[in-house]
Every structure is written in structure tokens, then in C-alpha cells.
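Here's the letter readout for the chains.
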Amino acid sequence: ILIFLTSSYPYGEFETFVGNEMPYLVSAFDEIIVLTNDTVSHQARPLPGLVKCVRHSYELRTMEKMLSLLGFLSPTLWQEIRLIRTHYRRSVRRLTLATMLVSWFKARKFARIIRRLVARVPGAEVHVYSYWANDMAVAAAVARRKAWVDRAYCRAHEWDVYVDRGVFLPFRHLLATHLDHYLFVSEHGRRYFETI
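This text gives an overview of the structure that appears in the document. (Residues numbered from 1 in each chain as written. Predicted model: local features only at pLDDT ≥ 70, side-chain atom pairs only at ≥ 80, totals over all residues. Heavy atoms only, no water.)

## Quick look at the sheet that holds strand β2 (residues 32-36)
Okay, step 1: Strand order across the open sheet formed by 6 strands is β3-β2-β1-β4-β5-β6, with parallel pairing between neighbours. Because the sheet does not close on itself, it has two edges, and the strands there are β3 (51-55) and β6 (181-184). Between one strand axis and the next, the sheet turns by 20° as a mean value, whatever way the strands run.
Okay, step 2: By the bridge criterion, 5 bridges tie β2 to β3 in an arrangement that is parallel. Paired with Leu 35 across the two strands is Val 54, which belongs to β3.
Okay, step 3: On the sheet, helix α5 (residues 135-145) packs against β1 (2-6), β2, β4 (127-130) and β5 (151-156) and is oriented at approximately 160° with respect to β5. (Pairing = 2+ DSSP bridges. Helix = DSSP H or I, 4+ residues; strand = E, 2+ residues; numbered from the N terminus. Axes fitted to C-alpha atoms, helices over the stretch in contact; angles between N-to-C directions. Contact = heavy atoms within 4.5 Å.)

Structure below.
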């Protein structure tokens, strides 16, 4: 079984290119569950019969944002802070810390959703594939680290690779060490990631 993590596919007008991969995925798995973050758009693309779709919002409610402060109790968060200071040689400012807390909360939230999906099919070999190297990919890495799934992968494009081109993306090291494959769409992106 494949749990395929997307931002919007098959809903809305974005991620049209994801559909190009679907025939290959359908041929490789007995069942596919698309876990998408789009909870409001209309279905723009048809899905093959063996593909089911589950929708969960990526946005956090106010209470969840407050609960994200519990991330301070996580050794993983403190490991990431140390990594930012020593490896990236960056100070951990308030905005970076807030990004890390929200990212970690979302990752743990979606890892638990993945675990619930896995529980529906006891005994199945479960793979998780995140189309982006975002918080959903971190959720896949968490699920893999906890052995809730058998294999986990993510794809990385541009905005989710180059940490020096805009918004700071935490937990890159977690992805590199707990995913079975971290797949880059360009050789330049792969080489860049190996240097950071």
C-alpha cells in the first residue's frame, strides 16, 4: 500500500503534474491512499479505481498553534536547534523558532494520521511518499523512524531544497537520516543539499 502525501492533488488547479506519476504508482502498488491538504477545492482530476483520497487541512487551528509550544519538550527540536547553531552557523531567532515549533507539530500530527491509515490495513507492507520535502515529508520520516511504515520517501524540488533562498526549512537532517530515499528533481539540487 502507498500513502501518497500531496498539497492539493487531485483537488484544485495546482499540482497538475502529479497526475503524470499516477500510472506508474498504480502499476507498482495494490492500493494507494492520497493524503491531501486541500480540504475545500473541487476534484479537478479523476483517480483510478484503486486510489482513495483522504483530506486533512495543513493549517493549524489556534489551539493547535498553542499546543505546538509543547515541542520544547521534544529532544528532536533541541537537536535541530543545536544543528542550526553548529552546522548552519545561524542564530535561532524568534521567527526560526516559531517555524520549527509549527513544523514539528504538523509533522507529528500527520505522522499520527499516517499511523491511523496504516492501522486500517493490518499486515500490509506500507510505503509513504511525500511529493514535497515539507512538513509532510517530516511526518513520513517520523512515521518511518517509529516503524509505523515499512518505507518512506520524499521528492525535493526547489523551494524545498535551497535553505538560503527564502523561508528557513527545518528538519532537513531528519529527512536525510530517516527517509529511505530523498529524491531530488535536479542534480544541482542534490549537490547543493550535500553541501549544507
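## Topic: the packing of helix α4 (residues 94-119) against α5
Okay, step 1: Axis separation between α4 and α5 bottoms out at 7 Å; the angle between their running directions is 55°. Between α4 and α5, the interaxial angle falls into the category oblique. With respect to the hand of their crossing, α4 and α5 are arranged in right-handed fashion. In contact with Ser 103, Trp 104, Lys 106, Ala 107, Phe 110, Ala 111 and Ile 114 of α4, α5 contributes Asp 135, Met 136, Val 138, Ala 139, Ala 140, Val 142, Ala 143 and Arg 145. (Parallel < 35°, antiparallel > 145°, perpendicular 65-115°, else oblique. Left-handed = near helix turned anticlockwise from the far one by under 90°.)

## Looking at the nonpolar core
Okay, step 1: Within the largest apolar cluster, 49 residues are counted, with the highest numbers of intra-cluster contacts made by Ile 3, Leu 5, Leu 35, Ile 114, Val 138 and Leu 175.
Okay, step 2: No other element matches the 10 residues that α4 contributes to this core.
Okay, step 3: Residues contacting Val 138, with those up to four places away along its chain left out, are Trp 104, Ala 107, Phe 171, Arg 172, Leu 174 and Leu 175.
Okay, step 4: Formed by 14 residues, the second largest nonpolar core is a distinct cluster that contains Tyr 9, Val 18, Met 22 and Trp 132. (Core = buried A, V, L, I, M, F, W, Y, C linked by side-chain atoms within 4.5 Å. Buried < 20%, exposed > 50% of the residue type's maximum accessible area, 1.4 Å probe, protein only.)

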